[in-house]
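# Topology and contacts: notes
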Amino acid sequence: MLIDSHTHLDHCKEDAADLIREASAAGVAVIIQSGIDLASSRYSVDVAEKYPGVFATVGFHPQEAGNLDDEQMAGIEELTVNPRVVGVGETGFDFFHDRWPHEEQEDVFVRHMDLARRAGLPVVIHTREAEERTLSLLAEHAVDLTVILHCFSLPHRLEEVVARGYYLSFAGNVTYKNAPDLQAAALAVPADLLLLETDAPWLTPVPLRGRPNRPALVSHVYDFVAGLRGLTVDELAVQVEANVCRAFPRLAGQLRGS
Ligand SMILES: [Zn+2]
């Protein structure tokens, strides 16, 4: 079984039903659909309630941070009691798009970590051009949380994030020719901290780079990383599934129950 541990069905052009069917035909039995604001978090829960292989995370992306008010935060918190919600996020810092003051992004990030703690859920992190501040805020606020670094982009901090026990989720950009550092990290990461994702519709893996991404294409990320690590795709799939189950215990409970 292949797992796309981070995707955005609501940003893909095709119908979610078609994307989920296509993924399932490609052996992708589990998809974690990530919310980026209240509306998309609600959408994520709806789609996760409709399809047994789809699970949701809920939260405000740092690019949406400034749109969050108390009422919406309460809405996100309400969603976390839904059994189909398996994580809080994506949250973090984005100093590349830099849409909101850093203080504001930090406040929203901290609120998500506090929510993850109350909800007993892992926190899914987006970080872009904000390496130092992300790692120091996590050190301060996430010591007791399960942390997933989605679309892993900190190969130079590998030792540090591995020592902290964070899960590293590699996206399609690990397959790119110009990403030797990311590839070295995907080879060096301990087997029990490795996750794979599409982040669709972005970051389409080779050989389809340039076309819109979709959950079915996580199979190319598996092919590539299996090759790097000298494993068969089946061996890698077994390892990644065990990691997803450990990182997202609520998902594991339902996978085993289904
Ligand atoms: Zn995302």
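Up top you'll find the structure we're talking about.
Below you will find a few notes about this structure.

The rules behind each value
Residues numbered from 1 in each chain as written. Predicted model: local features only at pLDDT ≥ 70, side-chain atom pairs only at ≥ 80, totals over all residues. Heavy atoms only, no water. Helix = DSSP H or I, 4+ residues; strand = E, 2+ residues; numbered from the N terminus. Rg over C-alpha atoms; globule rule 2.2 N^0.38 Å. Contact = heavy atoms within 4.5 Å. Areas by Shrake-Rupley, 256 points an atom, 1.4 Å probe, with all protein chains shown as cover. Buried < 20%, exposed > 50% of the residue type's maximum accessible area, 1.4 Å probe, protein only. Right-handed = clockwise from strand over helix to strand, strands pointing away. Donors = N, O, S within 2.8 Å, 3.2 Å for Na, K, Ca; no water. Tetrahedral: all angles 85-135°; square planar, octahedral: opposite > 155°, others 65-115°. Expected span 1.5 Å × (residues − 1). Core = buried A, V, L, I, M, F, W, Y, C linked by side-chain atoms within 4.5 Å. Pairing = 2+ DSSP bridges. Axes fitted to C-alpha atoms, helices over the stretch in contact; angles between N-to-C directions.

Bringing the overall build of the protein chain into the picture now. Each helix and strand counted, the protein chain has 10 helices and 8 strands in total. Its C-alpha radius of gyration of 17 Å places the protein chain within 12% of the 18 Å reference for a compact globule of 258 residues. Overall, the protein chain is about 45 × 40 × 35 Å in size when its C-alpha atoms are taken along their principal axes. Once local pairs closer than 6 in sequence are excluded, the contacts in the protein chain between residues at least 24 apart make up 71%. Accessible surface for the protein chain amounts to roughly 10700 Å². Of this, 51% is attributable to carbon and sulfur atoms.

With 10 of its 10 residues buried, strand β4 (residues 85–94) lies for the most part within the structure. Taking the sense of rotation as the criterion, the β-α-β connection linking β4, helix α4 (residues 102–119) and strand β5 (residues 123–128) turns out right-handed.

The coordination sphere of the zinc ion contains the protein donors His6 (NE2), His8 (NE2), Glu90 (OE) and Asp199 (OD), at a distance range of 2.0 to 2.8 Å. Because the angles between the 4 donor atoms bound to the zinc ion fall within 85 to 175 degrees, the donor set is best described as irregular. For the zinc ion, the donor residues sit on a single chain with the sequence spacing H-x1-H-x81-E-x108-D. Highlighted residues: His8 in the loop between β1 (2–7) and α1 (16–25) and Asp199 in the loop between β8 (194–196) and α8 (218–229), separated in sequence by 191 residues.

Right, let's get into α4. Taking 1.5 Å of rise per residue, 18 residues should cover 26 Å, and α4 covers 25 Å from first to last C-alpha, within 8% of that figure. All buried positions along α4 are accounted for by Gln105, Val108, Phe109, Val110, His112, Met113, Leu115 and Ala116. Those residues of α4 hidden inside the fold are in contact with α3 (70–79), β4, β5 and α5 (131–141).

Looking now at the environment of Ala25. Tracing the chain through its elements places Ala25 in helix α1. It is 43 Å that separates the C-alpha atoms of Ala25 and Pro101, two residues lying 76 residues apart in sequence.

Quick look at the nonpolar core now. One finds Leu138, Leu149, Phe152, Phe170, Leu196 and Phe248 to be the most contacted residues of the largest nonpolar core, which totals 88 residues. In contact with Phe152, other than residues within four places in its own chain, are Leu158, Val161, Leu168, Ser169, Phe170, Leu182 and Ala185.

One open sheet accounts for 8 strands, arranged β1-β2-β3-β4-β5-β6-β7-β8; its pairing is parallel. If you trace the sheet from one side to the other, it starts and ends with β1 and β8, each paired once. Averaged over neighbouring strand pairs, the angle between their axes works out to 25 degrees when direction is ignored. Taken together, the 5 bridges between β4 and β5 define a ladder with parallel strand orientation. What sits directly across from Phe93, in β5, is Thr127. Those strands touched by helix α2 (residues 38–50) are β2 (28–34), β3 (54–58) and β4, and its axis lies near 160 degrees from that of β3.

Geometric descriptors of this kind do not, in isolation, establish any biological role.
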